[in-house]
Amino acid sequence: MTDIRLNIDGFDITVNPGTTILEACKKLKINIPTLCYHPDQDIKGSCRVCVVEVEGNKNLVASCCTPVKEGMKVKTNTKRVREARRTMLELILSNHNGDCLTCVRNGSCELQALCDELNVRNDNLDKVYSKLPIDNSNPSLVRDLSKCIKCGRCIEVCHKVQGVGAIYNVNRSCEMEIRPPLNKNLSDVQCVYCGQCINVCPVGAIYEKDDIEKVWDVLEDENKHVVVQVAPAVRVSLGEEFNLEPGSIITGKIVNYLKKIGFDKVFDTNFTADLTIIEEGNELLYRINNGGKLPMLTSCSPGWIRYIEHFYPELLEHVSTCKSPQQMFGALAKSYYAEKNNINPEDIVVVSIMPCTAKKAEAKREEMSNEGNSDVDIVLTTRELAKMIKESRIQINDLEEEKFDDPFGISTGAAVIFGASGGVMEAALRTVYEVVTKNELKNINLKEVRGLKGIKEAKVKVGNLNVKVAVANGLKNAKVLLDLIKEGKADYHFIEIMCCPGGCIGGGGQPIPGTNDIKEKRVMGIYNADSIAKIRKSHKNPAVLELYTEFLIKPLGEKSHKLLHTHYKDRS
Amino acid sequence: MDFKKKVLDIIKNKGETSDKLLEILLEVQNKTKGKYLSEEALIIISNELKIPLSKVYGVATFYSMISTKKRGKYLVQICNSSPCYLNGGKMVTKTFEKLLNIKVGETTKDNLFTLEYTSCIGACDIAPAIKINDEVYGNLTPEKIKSLLNVLRKEDVK
């Protein structure tokens, strides 16, 4: 096929056939405004904000979905184009609840930014949006249809990336709305609360349930001993909210900030990630040696757990019984830590900072408690922490680096890679290899399972056993592996599944935007943090070893079962 | 015959693939009392065709010939595409609403009539036109509508 020559705004350019006008413009560094367009999604062509003039065409064309043609002459900056774009935005505004000043996306809204950039100064059209009740039926996600601009990004991510399909177009034409079927709330349908819809929403139509005020309240309550844990993926993404490059590691500054605002102890979820590896690694070995259900599936990702409970309950026996690191942390904070420091567990409040919206729902699960006392009390997303930081006026970039508190502050490189897809697998194999063979693992980097690819596989020789593993991120990819298991064709020993594309670095609670380019940088941040860690294998974590000596006695022991393991429910 | 079996039979007849969704929705609706798709029917279809319920519901609410609300014995569908609209479609709506004492989208208390809008039914030559169940009626005037309703009411008594 021959290349296509065209002219855009007076510049000649040659591109491959099939290139859209928008893509050709990008090559010339001509910045076309877009709204429904998302770099990681299919072309939708519904908002028409990207219109341009093509010589010989009566009507303006949407540049995102118009392929180039030989000899085409395109104009992107004429009065007609500018006015049409502005009109499109005015029409969208007439159907949008524009309470920007109090909107959760004030400052990060794509519609707001476009209205500013394209100089929209009139909002005179009749307002035709209906103020429908806000759906806050569940602990994780809130939907406000009065803000929805019907771009369909959330539908695409829910159906095509996650294979969940909790929401879709309802009705038609100007009555069209995006919502769960049969006038139900999200809590009544098979939503897994992954929050991927939030990450792609250009406006404030979907957001996480705000728990910030609860944290400020407990911090001022003198009768409470408030401890906080920070998940691995938060440290490589929070900086984006403060103008740092994606992947910048700001762990020490986060610790300093959390101490400054009054947390009694600042701990690291990495500690219980290491612990998870010990428990889960031993569970895997137990299953292999005792004819247990294989392949074993990881259990750290609560969106994934909700998915298998809803869609593949017949495979629940494959799921590791280990609680997630968040929940293990909470359980230990209110038992081991409480005992050791002579604090009444009922006076301890456990706060988590997570890259995840599903973690909010996980913390509320009935079985995630000990004698009626929840393991984890309040979960904030990375974005909510950023909001707290801004609200407190403390300049996080100016803070000194500080260290996590003992004993749950000591962790390894194996724990930090939990934040990226493939990390749990790599960390587990580092430990399983050494536990089984009693030899030191020389090359500890398992590169086959790293990166954003949807499904990854590897084979590792552990003693006499060829361990075959697979890793999936994004639930549509998980489904491929689950179907293989159902058909009896999955000869893996161990499968890691993360609900969100890219793993936790791409979680539903992470800074927006979180495009694939940005995710790749976060992944790099994660592996950088691993490579500079002093200890890089979970079973070498001295604090974890001490925990076993002092308290848990042995992996999969009685105390572990009571505090660190759980069970699942058929929700189909 | 119980309802579930009836729906499953229709699906089996039409074929258990996602491309048959629309045919199945229409057939199940036709075989359901009240000419609509109940929650139960939608869930069975979603499970059998392995299409998310949200999508099945989305398709069902997209097409005006499909309803997710129970309908009356006579389904009056008023065309609101341009030719009918320009030729007195508004009068047709007003007359029906007045005579039946319901709004478009509603069903009379005696479950006899349901009023709905539809897009073009191909009767532009006799605009303004409506469809009542499978019959098309055109060149409507308020008088014609009145006598039409009277005929249908009498038919029902028979």
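Residues numbered from 1 in each chain as written. Chains lettered and ligands numbered in written order. Predicted model: local features only at pLDDT ≥ 70, side-chain atom pairs only at ≥ 80, totals over all residues. Heavy atoms only, no water.

Engineer: Report on the overall build of chain B, specifying residues and quantitative values.
Structural biologist: Assigned secondary structure in chain B consists of 6 helices and 4 strands. Order of helices (α) and strands (β) in chain B, N terminus to C terminus: α-α-α-α-β-α-β-β-β-α. For chain B, the C-alpha atoms occupy an extent of roughly 50 × 35 × 25 Å along the three principal directions. By the burial criterion, 43% of the 158 residues in chain B qualify as buried. Taking as baseline every contact in chain B between residues at least 6 positions apart, the subset at least 24 positions apart corresponds to 61%. When the accessible surface of chain B is split by element, carbon and sulfur atoms take 51% of a total near 8,800 Å². In chain B, 26 side chains carry a positive charge and 19 a negative one; their mean positions are 4 Å apart. (Helix = DSSP H or I, 4+ residues; strand = E, 2+ residues; numbered from the N terminus. Buried < 20%, exposed > 50% of the residue type's maximum accessible area, 1.4 Å probe, protein only. Contact = heavy atoms within 4.5 Å. Areas by Shrake-Rupley, 256 points an atom, 1.4 Å probe, with all protein chains shown as cover. Lys, Arg positive; Asp, Glu negative; His and termini not counted. Charge placed at Lys NZ, Arg CZ, Asp CG, Glu CD.)

Engineer: Lay out the sheet that holds strand E18 (residues 465–473) of chain A with the relevant residues and their values.
Structural biologist: All names here are of chain A. Read across the sheet, 4 strands follow the order E12-E19-E18-E17 without closing on themselves; strand pairing throughout is mixed. Each edge of the open sheet is held by one strand with a lone partner, namely strand E12 (296–297) and strand E17 (455–462). Of the strand pairs in this sheet, E17 and E18 are connected by 8 bridges, and their pairing is antiparallel. By the bridge assignment, Glu457 is partnered in E18 with Ala470. Of the strands in this sheet, E17, E18 and strand E19 (494–498) touch helix H15 (residues 423–437), which is tilted by about 155° from E19. (Pairing = 2+ DSSP bridges. Axes fitted to C-alpha atoms, helices over the stretch in contact; angles between N-to-C directions.)

Engineer: Residues and numbers for the nonpolar core, please.
Structural biologist: Residue and element names in this part refer to chain A. Leu111, Leu238, Tyr257, Leu258, Phe263 and Trp304 are the most contacted members of the largest nonpolar core, which totals 130 residues. Not counting residues up to four positions away in its chain, the partners in contact with Leu258 are Val228, Val230, Phe263, Val266 and Leu385. The next biggest cluster of nonpolar side chains, apart from the first, holds 38 residues, and it includes Ala233, Leu284, Met425 and Leu441. (Core = buried A, V, L, I, M, F, W, Y, C linked by side-chain atoms within 4.5 Å.)

Engineer: Can you lay out the packing of helix H5 (residues 82–100) of chain B against helix H6 (residues 142–157) of chain B for me, pointing to particular residues and giving the numbers?
Structural biologist: All names here are of chain B. Where H5 contacts H6, the axes come no closer than 10 Å and their chain directions differ by 40°. By the angle between their axes, H5 is oblique relative to H6. Crossing angle aside, the handedness with which H5 passes H6 is right-handed. Between H5 and H6, the residues in contact are Met91, Val92, Thr95, Phe96, Leu99 and Leu100 and Pro142, Ile145, Lys146, Leu149 and Arg153, respectively. Here the contact of H5 with H6 is composed, by residue class, of 8 nonpolar, 1 polar and 2 charged. (Parallel < 35°, antiparallel > 145°, perpendicular 65-115°, else oblique. Left-handed = near helix turned anticlockwise from the far one by under 90°. Nonpolar A, V, L, I, M, F, W, Y, C, P; charged D, E, K, R; others polar.)

Engineer: Tell me about the domain arrangement of chain A, residues and numbers included.
Structural biologist: Residues and elements named next belong to chain A. Domains assigned within chain A are domain 1 (4–77), domain 2 (104–208) and domain 3 (213–563). A C-alpha centroid distance of 29 Å is found between domain 2 and domain 3. Taken together, the contact between domain 2 and domain 3 spans 22 residues of the former and 26 residues of the latter. At the boundary of domain 2 with domain 3, total buried surface from both sides reaches about 2,000 Å², with 54% on carbon and sulfur atoms. If you sort the residues of domain 2 by the area they bury against domain 3, Val192, Asn199 and Glu208 come out on top, with a joint share of 28%. Here domain 2 is connected to domain 3 by 1 salt bridge. Notably, a salt bridge pairs Glu208 with Arg383, separated by 3.1 Å at the nearest N-O pair. (Domains from an automatic or database assignment. Buried area = accessible area lost by both parts, 1.4 Å probe. Salt bridge = Lys/Arg side-chain N within 4 Å of Asp/Glu carboxyl O.)

Engineer: I'd like a description of the sheet that holds strand E4 (residues 61–62) of chain A, backed by residues and values.
Structural biologist: By definition, the strands of a sheet pair up through backbone hydrogen bonds, in either a parallel or an antiparallel sense. Residue and element names in this part refer to chain A. Across the sheet, which stays open at both edges, the 5 strands sit in the order E2-E1-E5-E3-E4 with mixed pairing between neighbours. If you trace the sheet from one side to the other, it starts and ends with strand E2 (11–15) and E4, each paired once. Two elements, strand E3 (residues 51–54) and E4, share 2 bridges in a ladder whose sense is antiparallel. Looking at E4, one finds that Val51 is bridged to Ala62. Helix H2 (residues 79–94) rests against E3 and strand E5 (73–75) of the sheet, and its axis sits at about 155° to E3.

Engineer: I'd love a proper account of the packing of helix H3 (residues 39–49) of chain B against helix H4 (residues 53–62) of chain B, names of residues and values included.
Structural biologist: Residues and elements named next belong to chain B. Running from N to C, H3 and H4 point in directions that differ by 125°, and their axes come no closer than 9 Å. Of the possible angle classes, the one that applies to H3 and H4 is oblique. Here the hand of the crossing between H3 and H4 comes out right-handed. For the pair formed by H3 and H4, the contact residues are Leu42, Ile43, Ile45 and Ser46 on the first element and Leu53, Val56, Tyr57 and Ala60 on the second. Considered class by class, the residues forming the contact of H3 with H4 number 7 nonpolar, 1 polar and no charged.

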